[in-house]
Amino acid sequence: MCGIFGCVLKDGLAAPIIHSSLKLLEYRGYDSAGEATINEGKLYLKKDSGKIADIHEKFNLDELPGKIGIGHTRWATHGAPSQVNAHPHTDCLNQIAVVHNGIIENFEELRMELIDKGHVFVSKTDTEVIPHLIEENLKRGLDFHQAFKDAVKRLKGSYALAVISTFEPEKIFCARKESPLIVGLAENGSFFSSDIPALLPYTKNIVEVFDEEAVILTHQEVELRKLEDWSPVTRKPKTISWTIEGAMKKGYPHFMLKEIHEQAFSLKEALRVQEKYLDLLVTFLDRSKQVFLVASGTSYHSCIAASYVLSKLARIPVYPVVASEFIEQFGNSVNIDSTILAVSQSGETADVLRAVDHARFKAATILGLTNVLGSTLTRVSRAYICQNSGPEIGVAATKTFTAQIAVLTLIALRLAKLRGKISQDEMDYLHQKLHELPKIIEKILETQEENVKRLAHKYKDSKVFYFLGRGVNVATALEGRLKLLEIAYIPSIAYPAGESKHGPISLIEPGFPVIFVCPKGETYKATINNIMEMKARDALTIGIIDETDEEARKYLDDYIEIPAGVPEILSPIPYVVPLQLFAYYMALEKGLDPDKPRNLAKSVTVI
Ligand code: AGP
């Protein structure tokens, strides 16, 4: 999730405007940035890795000539943060510059094709294929409009992109598919941006750009067209009333709620992880005699879920380990035949890096799953996957949790296939169900958010909560508990439901709230028995259940419905969403700031 911005002005310099707007988009990505402008038929470009302030210090991002320009602040997904991988990217002759937010899935085949035609690539990014594709089309004699259109049509994946060129020095060409893009109209010119914060200093008049649409901006007007047949689109501008801070949160009161609502998108992006990296990790895992999934906090909970999925699908036993305990627990047994799959959204958690260091010292193979390309974990890993969730600002991890489980499930499916443990039909079925989850999450947010809000209000005076789940949803129960205690400060317990009768059930008394994660599936009957056990002791029972589940409703005081058809093995992804919302609304009930819980940091870089 990068930030792109650009403008074409009637008068004045574009660069200072682009520079200050990129700073407003920096929460979208902050590992590198750059700008390009056109002036008197020449392209000017400045870019580097690092924070915008440092790049400005070095290169002065206000000093590029010209009334037209584009800019980018990066959240690396393909190609580690570096000057050469920073945007804008250009063609061989530096006449075309492109900024892009999203993932071009077929970039490797396009790249090979263009290299065969003599194009020279300088970066490791997916984006660089775009200016070369346009250049190749121009070489074929197409005019710039046609060259742009044909190039975009060849792109697979998600994109919001903008192009300037010496061929059309008064125009910016943009296109959008899945990634966000907004256009702004003002007296002095036209603007485009990944989202509204960056536009607000210049205009409150915005025009939405829908999926599969292109926009051509001049300083007088913007022209919308359908990508499919290039037919013109007319759309009325809207007036925005948000403040800049409000806009960064897309109108949500907190980053946490915004990030919970971004999960359908971040899940789609996670499912776009490149097959070659999945295969690489799977090859290492397949060779390994012992696999440890090492992480902290929420990431550890995705490792617990993954241990069930890997065992059920690939028939491989793996050890989910709390990072801060790894050395004590397995320090003496880890060896050259061991593989550590370290999971960390920040890629900087000290407990994880310390465990990895110890294992490396014992010659174990280190693999990584992270959300931050260029983080320390990516540098100490033999192979790693970047989960593409974009920056997560709220301290409480939400979208990165569901994305982690999605990527770990893709790994388990491939390993299972490689080992001949599942049929192609089973593989296709689970893949299809995985790709249905973004829509299911959207439906949960649409239909259940008010219900969860009501329940948070109903239970706001409860002094303690008990979370129970079985099988893979032990992880969901643990994660629900962590969210509630970390942002609403309510002491909470979470247990595998079957373990409850071995002790914790002694806590239960009339009115004691117990939350059950209870999807249909192999563990269903046993979980219903647990609900009845609690009901028999007058506990207040709250269930996260399948919308078609008439049985469970009989024993529940309250329930939250999940759309039907989610296989149990994938259920932590949608079933955790109501628990994230419950914690969020409970924090509000308590007058707390969900984004900045006390005593916590987004990335724990101390042991
Ligand atoms: C989760 O909401 C917390 N922010 C915390 O437990 C977090 O998951 C943990 O510190 C691990 O962070 P990481 O994924 O960046 O390594």
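S.K.: What's the story with the overall build of the protein chain in this structure? I'm lost.
M.R.: The helix and strand tally for the protein chain stands at 20 helices and 25 strands. By the compact-globule yardstick of 25 Å for 607 residues, the protein chain fits well, its C-alpha radius of gyration being 25 Å. Over its C-alpha atoms, taken along the principal directions, the protein chain stretches across nearly 80 × 55 × 45 Å. When the 607 residues of the protein chain are sorted by exposure, 61% land in the buried category. Side-chain charges of the protein chain comprise 70 positive and 77 negative groups, with the mean position of each set lying 2 Å from the other.

S.K.: In this structure, what is going on with the sheet that holds strand β3 (residues 42–49)? I would like to understand it.
M.R.: As a general point, the strands of a sheet are linked pairwise by backbone hydrogen bonds and lie either parallel or antiparallel. Overall, antiparallel pairing links the 8 strands, which are arranged β3-β2-β4-β1-β10-β9-β11-β15 in an open sheet. Each of the sheet's edge strands pairs with one partner strand only, and the pair in question is β3 and β15 (238–239). Note that strand β9 (residues 182–186) and strand β10 (residues 189–193) share 5 bridges and pair antiparallel. Each residue of the ladder has a partner; that of Leu185, found in β10, is Ser190. Contacts from helix α1 (residues 15–24) reach β1 (3–9), β2 (32–39), β4 (68–74) and β10 within the one sheet, and its direction differs from that of β1 by about 155 degrees. Set on the sheet, helix α2 (residues 52–59) makes contact with β2, β3 and β4; between it and β3 the angle comes to about 125 degrees.

S.K.: Explain empty space enclosed by the protein here, please?
M.R.: Where empty space is left can be seen by rolling a probe of water-molecule size over the atoms. Throughout the structure, instances matching the rule amount to 3 cavities of 30 Å³ or more. Of the volumes computed, that of the second largest cavity is approximately 50 Å³. In this structure, the second largest cavity is lined by Cys2, Arg74, Trp75, Ala76, Thr77, His78, His87, His100, Gly102, Asp126 and Thr127. Looking at the lining of the second largest cavity, its residues break down into 3 nonpolar, 6 polar and 2 charged.

S.K.: Could you clarify how one ought to interpret the side chain of Lys46 in this entry?
M.R.: Mapped onto the elements, Lys46 comes out in strand β3. In this structure, Lys46 is buried with no salt-bridge partner, the nearest side chain bearing the opposite charge being Glu63 at 4.8 Å. In this structure, Lys46 is in contact with Gly34, Glu35, Phe59, Asn60, Leu61, Glu63 and Leu64, ignoring residues within four places of it in sequence.

S.K.: What exactly am I supposed to notice about the site of the ligand here?
M.R.: What surrounds the ligand is a group of 14 residues, the closest being Ser299, Ser344, Ser346, Thr349 and Glu486. At a separation of 3.0 Å, an oxygen atom of the ligand approaches a polar backbone atom of Thr298. About the coverage of the ligand: the protein hides 91% of its 410 Å² of free accessible area. Judged by the proximity of its atoms to the pocket grid, the ligand belongs to the second largest pocket. Secondary-structure elements contributing two or more residues to the shell around the ligand are α10 (297–314) and α16 (474–488). When residues in the shell around the ligand are grouped by element, the largest group, 3 residues, is from α10. Residues belonging to the shell around the ligand are distributed by class as follows: 4 nonpolar, 8 polar and 2 charged.

S.K.: Just to check I follow, could you spell out the packing of aromatic side chains for this structure?
M.R.: How two aromatic rings sit relative to each other is given by the distance of their centres and the angle of their planes. Considering all chains together, one arrives at 16 aromatic pairs under this definition. The interplanar angle of 50 degrees and the centroid separation of 4.8 Å between the aromatic rings of Phe292 and Phe330 together place this pair among those described as tilted. Of the two residues, Phe292 is situated in strand β16 (residues 290–295) and Phe330 in helix α11 (residues 323–330); the sequence distance between them amounts to 38 residues. For the pair shown, Phe292 and Phe330 are each scored as buried. An aromatic cluster is present here, built from Phe144, Phe148, Phe167, Phe173 and Trp230 joined pairwise through their rings. In this structure, Lys42 packs its charged tip against the face of Tyr44, placed 4.4 Å from the ring centre.

S.K.: Is there a simple way to think about helix α20 (residues 577–589) in this case?
M.R.: One turn of the α-helix equals 3.6 residues, which is why residues spaced by three or four share an orientation. Over its 13 residues, α20 extends 18 Å from the first C-alpha to the last, a length consistent with the 18 Å expected when each residue adds 1.5 Å. Of all the positions in α20, only Val577, Pro578, Leu579, Gln580, Leu581, Phe582, Ala583, Tyr584, Tyr585, Met586 and Ala587 are classed as buried. With its phi angle positive at about 70 degrees, Gly591 sits one or two positions after the end of α20.

S.K.: Got a minute to help me understand the nonpolar core in this structure?
M.R.: Side chains of nonpolar character tend, in soluble globular proteins, to be buried together. Of all hydrophobic cores here, the largest spans 91 residues; its most connected members are Ile411, Phe465, Leu484 and Phe582. For this core, the element with the highest residue contribution is helix α14 (residues 399–418), accounting for 12 residues. Beyond its immediate sequence surroundings of up to four residues, Phe582 is in contact with Val452, Leu455, Ala456, Tyr459, Phe465, Leu484 and Ile515. Of all hydrophobic cores here, the second largest spans 27 residues; its members include Val98, Phe121, Val152 and Ala175.

S.K.: I keep staring at the state of the cysteines and nothing clicks. Help me out?
M.R.: Note on terminology: a disulfide is the covalent bond linking the sulfur atoms of two cysteines. All told, the structure shown has 0 disulfides when counted by the stated rule. Here Cys174 is not cross-linked by a disulfide; its sulfur's nearest cysteine counterpart is in Cys7, at 11 Å. With a relative accessible area of 0%, Cys174 lands in the buried category. Cysteine Cys386 is unpaired, with the sulfur of Cys2 as its nearest cysteine sulfur at 10 Å. For Cys386, a relative accessible area of 9% puts it in the buried group.

Scoring rules and cut-offs
Residues numbered from 1 in each chain as written. Predicted model: local features only at pLDDT ≥ 70, side-chain atom pairs only at ≥ 80, totals over all residues. Heavy atoms only, no water. Helix = DSSP H or I, 4+ residues; strand = E, 2+ residues; numbered from the N terminus. Rg over C-alpha atoms; globule rule 2.2 N^0.38 Å. Buried < 20%, exposed > 50% of the residue type's maximum accessible area, 1.4 Å probe, protein only. Lys, Arg positive; Asp, Glu negative; His and termini not counted. Charge placed at Lys NZ, Arg CZ, Asp CG, Glu CD. Pairing = 2+ DSSP bridges. Contact = heavy atoms within 4.5 Å. Axes fitted to C-alpha atoms, helices over the stretch in contact; angles between N-to-C directions. 1 Å grid on protein atoms, 1.4 Å probe; cavity = no way out; pocket = protein on both sides within 12 Å on 5 of 7 lines; lining within 4 Å. Points joined across faces, edges and corners; volume = space filled by probe spheres on them. Nonpolar A, V, L, I, M, F, W, Y, C, P; charged D, E, K, R; others polar. Salt bridge = Lys/Arg side-chain N within 4 Å of Asp/Glu carboxyl O. Near = heavy atom within 4 Å. Polar contact = N/O pair within 3.5 Å; in protein donor to acceptor, adjacent residues only side chain to side chain. Areas by Shrake-Rupley, 256 points an atom, 1.4 Å probe, with all protein chains shown as cover. Sits in = over half its atoms within 2 Å of the grid points. Phe/Tyr/Trp six-rings, centres within 6.5 Å; stacked < 30°, edge-to-face > 60°. Lys NZ or Arg CZ within 6 Å of the ring centre and 35° of its normal. Expected span 1.5 Å × (residues − 1). Core = buried A, V, L, I, M, F, W, Y, C linked by side-chain atoms within 4.5 Å. Disulfide = S-S within 2.5 Å.

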